[in-house]
Amino acid sequence: MKRFTTKIVDMIKQENLFASQGGPVILSQIENEYGNGDIESRYGPRAKPYVNWAASMATTLDTGVPWVMCQQPDAPPSVINTCNGFYCDQFKQNSDKTPKMWTENWTGWFLSFGGPVPYRPVEDIAFAVARFFQRGGTFQNYYMYHGGTNFGRTSGGPFIATSYDYDAPLDEYGLIRQPKWGHLKDLHKAIKLCEAAMVATDPNITSLGSTIEASVYKTDSQCAAFLANTATQSDAAVSFNGNSYHLPPWSVSILPDCKNVAFNTAKINSVSTISTFVTQSSEADASGASLSGWTSVNEPVGISSENAFTRMGLVEQINITADKSDYLWYSLSVNIKNDEPFLQDGSATVLHVKTLGHVLHAFINGKLSGSGKGNSGHSNFTIEVPVTLVPGVNKIDLLSATVGLQNYGAFFDLKGAGITGPVQLKGFKNGSTTDLSSKQWTYQVGLKGEEMGLSSGGSTLWKSQTELPTNQPLIWYKASFDAPAGDTPLSMDFTGMGKGEAWVNGQSIGRFWPTYTAPNSGCTDPCNYRGGYNANKCLKNCGKPSQLLYHVPRSWLKSSGNVLVLFEEMGGDPTKLSFATREIQSVCSRISEAHPLPIDMWASEDDARNKSGPTLSLECPHPNQVISSIKFASFGTPQGTCGSFIHGRCSSSNALSIVKKACIGSKSCSLGVSINVFGEPCKGVAKSLAVEASCT
């Protein structure tokens, strides 16, 4: 570890990248979340000396910038302990001489094969950030701010999906996710307005009620305040500095001048967008996105490589494969004598296999007899497969597959995979069980197709047939295609496929597994942001494939002659594959009369701010687009969310025409949310303006 850490530090020094050298690197980190209770405690008395050694080793490397340890309450004073989590406002650093730092603010959660899609409402993220700075926070960093893709075999877990979108403000495809990105941008601007007071002094924190807290940063010339309502149900009317303020539940208001509210975490001024992937047929169409020239190669069942080897007993998979492949063959021949009964009362023999995971396919005499899989919570499992044996030699081939390796927790380096047994045949007439575990097994790391480099699309083995073989296990497919038209992000829809890996022009777009669906229950869409968030609180996509769409970077494509290669492990129909392009369907906004002014108004003079009011703004996401239609507009008491707005009991009759006149044909537009613009549809009622538009 010392050699590795020293190597990295020296590489950074050689490029003059540390801030002490005039570069951009302002912090160094050693270790990560070792101090979590379920990790450090597992190592007993060896843990604390290791923490001290790691800190000492790192700080002697002389980076000229501070070292941090994330989630390490017992970190020595030579390094800074920092917080990771959904909330860090209550975090206590390991010394009162160090800043309060939040190194991972989790903007969502990762997706697992077999699980629903997690997401985190932006109102809750903004609340968490505002609370952190309200209570003396000095540094906050998002994890993830930009989602991504686990290309190739880089996903961990195990069972973490290929998509690592994480519901981040910038999504897996690099696009802005609204309103998450815009609302957080406004939050950052509001906190920036408080900067002079916040860096000059510590906050004075007072309680204004059981769920109401005020924090004031005040110097002789500067004053900034945060007002929080931590209740999950009730609004609050707060008296502060002689003024009255309304605080929605689970929200923080930011007052850069200790008087006027610039931002409230529960009131979104940013636009919202509805985006979707528009699926295109795999047949030739106007987009040019056609898959053609299908060929295939059958992957041999069992041992096919000259590099196969034998061992007595069963081996652990990761140590044997060194993670060079997801796959390991376990093969054995069993001789059934003519006079040996292998039926019990007419029922078939059962093959019993216990494995550490993650996926197992059992072949008897070259035919798939059964499969099993674990899940993200329990990767180990047992299968019992009815098999039919014949007199003479019977071949048992077990294909064990990993789906990303353990990458977190105590002793995760010792957590294995593959078949450790027992492997048994049950069901002989005399009732006995034959244990095959300790016999001599033959092993093969990886697939024949991997060894021959089929993923690149080369080789003379590819065969074209009148009818493409489908819905069979262990088969490679290849097709060619032209790059789909346009420049919007591109994905492949894997409807019809089972499980495997895909390559485009030799680059792996990752593992696919559309047949692993999420449970039918447990989803909450929409999700109430009020109250503490956890990774299982807000879920969607129940009863559907965990991941159906897989990112194909356009930078990997040529205009024509692109090669798609698939390895299908379980059985599927590649002719059902299609391309999908990312399109924005709608741009929406909903602003109430009680919303703060747009944050950018704080750059205006006080008189201009006082004359302005809440403002609804729309803007098309792409530079060459304009607002082409208004799908919905209502001033009064509109209900619903973007894509499903409806008129309430109170609605201005001229709202639609006013919005159309102001917005259609423009890239962006703004309208004041007031009766001065739309008239008075209903006196004495709090009103909002909701608009849904299309851009082309």
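Note that this is a predicted model, so its numbers are computed, not measured. (Residues numbered from 1 in each chain as written. Predicted model: local features only at pLDDT ≥ 70, side-chain atom pairs only at ≥ 80, totals over all residues. Heavy atoms only, no water.)

(A) Inspection of the domain arrangement of the protein chain at higher detail. Domain parsing of the protein chain yields domain 1 (1-188), domain 2 (189-266), domain 3 (274-299 + 451-583), domain 4 (309-338 + 348-366 + 394-445) and domain 5 (584-695). Between domain 4 and domain 5, the C-alpha centre-to-centre distance is 63 Å. (Domains from an automatic or database assignment.)

(B) Geometry of the pattern of salt bridges. Under the counting rule described, the total for this entry stands at 19 salt bridges. Across the pair Lys189 and Asp600 runs a salt bridge whose closest N-O atoms are separated by 2.7 Å. Linking Lys189 in helix α5 (residues 180-193) with Asp600 in the loop between β35 (578-592) and α9 (606-611), this pair joins segments that are 411 residues apart in sequence. Judged by its relative accessible area of 27%, Lys189 is partly exposed. (Salt bridge = Lys/Arg side-chain N within 4 Å of Asp/Glu carboxyl O. Helix = DSSP H or I, 4+ residues; strand = E, 2+ residues; numbered from the N terminus. Buried < 20%, exposed > 50% of the residue type's maximum accessible area, 1.4 Å probe, protein only.)

(C) Quick peek at the nonpolar core. Core analysis: the largest hydrophobic core is formed by 45 residues, its most contacted members being Leu291, Trp294, Trp476, Phe494, Leu564, Leu566 and Leu577. Examining the composition of this core, we find that five residues originate from one element, strand β28 (residues 475-481), more than from any other. Counting residues in each nonpolar core, the second largest holds 35 residues, with Ala128, Phe133, Tyr217 and Trp250 among its members. (Core = buried A, V, L, I, M, F, W, Y, C linked by side-chain atoms within 4.5 Å.)

(D) Structural context of a nonpolar patch on the surface. A surface patch of nonpolar side chains, about 310 Å² in accessible area, is lined by Phe4, Ile8 and Met11. In this fold, Ile8 is placed in helix α1 (residues 2-14). (Patch = residues over 30% accessible without salt bridge, like charges linked within 9 Å, V, L, I, M, F, W, Y side chains within 5 Å. Areas by Shrake-Rupley, 256 points an atom, 1.4 Å probe, with all protein chains shown as cover.)

(E) Structural context of the state of the cysteines. This model, assessed by the stated rule, comprises eight disulfides. Here Cys588 is linked by a disulfide to Cys642, with a sulfur-sulfur distance of 2.1 Å. Torsion about the S-S bond of the Cys588 and Cys642 cystine: about 70°, corresponding to right-handed handedness. One end of the pair, Cys588, is in strand β35; the other, Cys642, is in the loop between β37 (627-636) and α10 (655-663), and 54 residues separate them in sequence. No difference in accessibility class separates Cys588 from Cys642, as the two residues are buried. (Disulfide = S-S within 2.5 Å.)

(F) Quick peek at the sheet that holds strand β24 (residues 392-401). The antiparallel open sheet is built from six strands, whose spatial order is β18-β27-β19-β24-β21-β22. With partners counted over all chains shown, the strands left at the sheet margins are β18 (309-312) and β22 (367-373), one partner each. The sheet shows a mean angle of 25° between the axes of neighbouring strands, taken without regard to direction. (Pairing = 2+ DSSP bridges. Axes fitted to C-alpha atoms, helices over the stretch in contact; angles between N-to-C directions.)

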